[in-house]
Amino acid sequence: MIEITDDAPAAVAASAPLVDAVVVPAVTPAGPLVIIGSGHAGYGLAEAVRARDAEREIHVVTADDGGMYSKPALSNAFALGKDAEALLDESALAIERRLNIRVYAFCPVQRIDPEARRIVTRLGGLDYGQLVLATGASPIRIPVEGEAGALLSVNDRGDYREMRRRLDCLGREARVVIIGDGLIGCEFANDLAQAGHKVEVVGLAERPLPRLLPEAGSRVLREALAALGVGWHLSRSVASVAAEDDGHRLMLTDGSELEADLVVSAVGLAPNVDLARSAGIDCGRGIRVDDRLATSRPGVYALGDAVEIDGQLVPYLAPINAGLRALAATLTGDPTAVSYPVMPVMVKTPAAPVCVVVPSGEVNWRVTETADGIEAGGYDAIGRLLGFALVGEVAMARRSDWVKACGQAQAA
C-alpha cells in the first residue's frame, strides 16, 4: 500500500472557470477536498471550487484514465464521424495543470472510512476533510440465455471505442439490434441509422420514450425514426442470444427472431451506491442527500447520477449544473441550498428532436399538432402547467416560451 502524499502540480494557463471571480471562503475547511469520480459532476465541482478558492487542496480519484469528455456525446458521435480519441476534450494531466488539482487515474476506491475521514484506494490511503461522491451510474444488465456477453452497453469512451471497433471490422452496413426504447436507445437508433446501418429496436414498452412523452409525441418520434429505416419490436424483450458464423441470432420473448452483427443494450442505468452503502451512508435507489447535497455522514456529500433527491433519481445534466455551484459554495464555507430551476431534458434525435420537462405527478396532456410534430402541455386538475413535451423542429422553436411559462406556473 502506498500513502498518497504527493503535492499537486503548479497551475498553468487556465480556461474560463464556471464562476468568474475568486471568492475567499468565510471558513477554510480542515483537510483536502476529495472527489470520487471524474465525470461532469466531479470535474465540474472541482472547477467551481477552484474558482471560489485558489488555494484549496483538491484531489480527484477515478477508476478510469481521468480524461474529460462529454458522456452525452457518446450517443450521437458515430454519425458525426468521431472516434473515441476525438471525443476527449482534455487529458487528466492538462486538467491537473489548469486547475492546480491532483488527479489519481486508474485508482478505484475500495472503501470509505467515515470515522477516520479516509478513503482506501488501489494505491493506498488518502485522508479527506470533505468528501464528495460523484460515482455516477452503470448500465443495467438484463438476463438473457446463451451469449450474454454479446450485449454491449455504451456508457464510457472505452465502450464506445469497442462499438466502433466491432462496426469497423465489418466493413459494411451492419445489422444493429438496440435493446431499449428509452432516451439512450432512441438516441443510438437515430445515430446509427443516420450513419447507414440497419437498426432494429426491441423494447418492453408499447411505445418509445413512454416515461417522457404523451402518446402523440411517441408516435411522431417512432414514425420519424422509422423513416430513417429503424424497425420497431415493442412490448417484448430478448430471451436469448446465440452466436452464428456471421453474427448473432436473437430470440425475442414473443418467439420472433432477429439477426444482428451488433447488439447494444440500452435499458437504463443504475446509480453506483455500493461504495456509499458499505460505508454506512443512507441509500435508497440512489445516495440520499438533503437540500445542500449532504449525505447522512458528516463531511460527505454527493452529486450527479448517483444521487437521490426527495425520493427521485435525477440522471440529467441540468440538476448537476444546478447543484455544483451551490455545493461549491457550501464546501468553501458558505452553506447554500440547491435551487432547481425548470430543467428541460433534451433528447438528441435529429429525425424528431425532443425537449421535455417531466411533470411531477399525474397530468392531463393538451396536445397541439405542428407541421412536423407536436406541442403538449401537462396540466394538473386545477389547470396549472406542470411540464411540457415538444417534438419536432417547429415545436422546438418555441422551447424558451414553454420553459418560461412552466417557470411562472411553478412560482405561482
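Parameters at a glance
- Residues numbered from 1 in each chain as written.
- Predicted model: local features only at pLDDT ≥ 70, side-chain atom pairs only at ≥ 80, totals over all residues.
- Heavy atoms only, no water.
- Helix = DSSP H or I, 4+ residues; strand = E, 2+ residues; numbered from the N terminus.
- Rg over C-alpha atoms; globule rule 2.2 N^0.38 Å.
- Buried < 20%, exposed > 50% of the residue type's maximum accessible area, 1.4 Å probe, protein only.
- Contact = heavy atoms within 4.5 Å.
- Areas by Shrake-Rupley, 256 points an atom, 1.4 Å probe, with all protein chains shown as cover.
- Pairing = 2+ DSSP bridges.
- Phe/Tyr/Trp six-rings, centres within 6.5 Å; stacked < 30°, edge-to-face > 60°.
- Lys NZ or Arg CZ within 6 Å of the ring centre and 35° of its normal.
- Axes fitted to C-alpha atoms, helices over the stretch in contact; angles between N-to-C directions.

**Q** Give me the overall build of the chain: which residues, what numbers.
**A** On a plain count of helices and strands, the chain comes out with nine helices and 29 strands. Computed over C-alpha atoms, the radius of gyration of the chain comes to 23 Å, within 12% of the 22 Å expected from 2.2 N^0.38 for 412 residues, which places it in the range of a compact globule. Seen along its three principal axes, the alpha-carbon backbone of the chain occupies a region of about 60 × 60 × 40 Å. The buried share of the chain, taken over its 412 residues, is 51%. Of the contacts made within the chain by residues no fewer than 6 positions apart, 63% connect residues no fewer than 24 positions apart. Counting only carbon and sulfur atoms, one obtains 51% of the accessible surface of the chain, whose full area is about 18,600 Å².

**Q** So what about unusual backbone geometry? Which residues, and what values?
**A** A positive phi angle, close to 50°, is found at R117, a residue other than glycine. Assignment of secondary structure puts R117 in the loop between strand 6 (109–113) and strand 7 (118–121). Exposure remark for R117: the relative accessible area of 30% places this residue in the partly exposed category. Backbone geometry at L293 places phi at a positive 65°, although glycine is not the residue there. Relative to the elements of secondary structure, L293 occurs in the loop between strand 21 (287–288) and strand 22 (300–302).

**Q** Could you give me a rundown of the sheet that holds strand 11 (residues 145–146), with the residues and numbers involved?
**A** Overall, mixed pairing links the four strands, which are arranged 11-16-17-18 in an open sheet. Two strands close off the open sheet at either side, each with one partner strand: strand 11 and strand 18 (257–260). As judged from the four bridges shared by strand 17 (residues 247–252) and strand 18, these two strands associate in the antiparallel manner. For L250, the partnering residue across the bridge sits in strand 18 and is L258.

**Q** How would you explain the packing of aromatic side chains if you had to name every residue and give the values?
**A** The description of an aromatic ring pair rests on the distance of the ring centres and on the angle between the ring planes. This structure, assessed with the given rule, holds one aromatic pair. For the pair F388 and W402, a centre-to-centre distance of 5.7 Å together with 40° between the ring planes defines the contact as tilted. Here F388 is found in strand 29 (residues 385–391), whereas its partner W402 is found in helix 9 (residues 399–411), with 14 residues between them in sequence. Owing to a relative accessible area of 0%, F388 belongs among the buried residues under this scheme. With a relative accessible area of 11%, W402 lands in the buried category. Positioned above the aromatic ring of Y69, the side-chain terminus of R157 is 5.7 Å from the ring centre.

**Q** Which residues make up the pairing of strand 6, and what values do they have?
**A** Pairing between strand 6 and strand 7: four bridges, direction antiparallel. Directly across from D113, in strand 7, lies its bridge partner R118. Counting the residues in the hairpin turn of strand 6 and strand 7 gives four residues, including R117, whose phi is positive at 50°.

**Q** Break down the sheet that holds strand 2 (residues 58–61) for me, citing the residues and quoting the values.
**A** Sheet strands pair via backbone hydrogen bonds, and the direction of the pair is either parallel or antiparallel. Within the open sheet, the five strands sit side by side as 5-2-1-9-22. Their pairing is parallel. With one partner strand each, in any of the chains shown, strand 5 (102–104) and strand 22 form the two edges of the open sheet. Neighbour-to-neighbour, the strand axes of the sheet open up by a mean angle of 20°, direction not taken into account. Pairing of strand 9 (residues 130–133) with strand 22, which is carried by three bridges, proceeds in the parallel orientation. Its bridge partner being in strand 22, V132 is matched across the sheet by Y301.

Shape descriptors only; they carry no functional weight alone.
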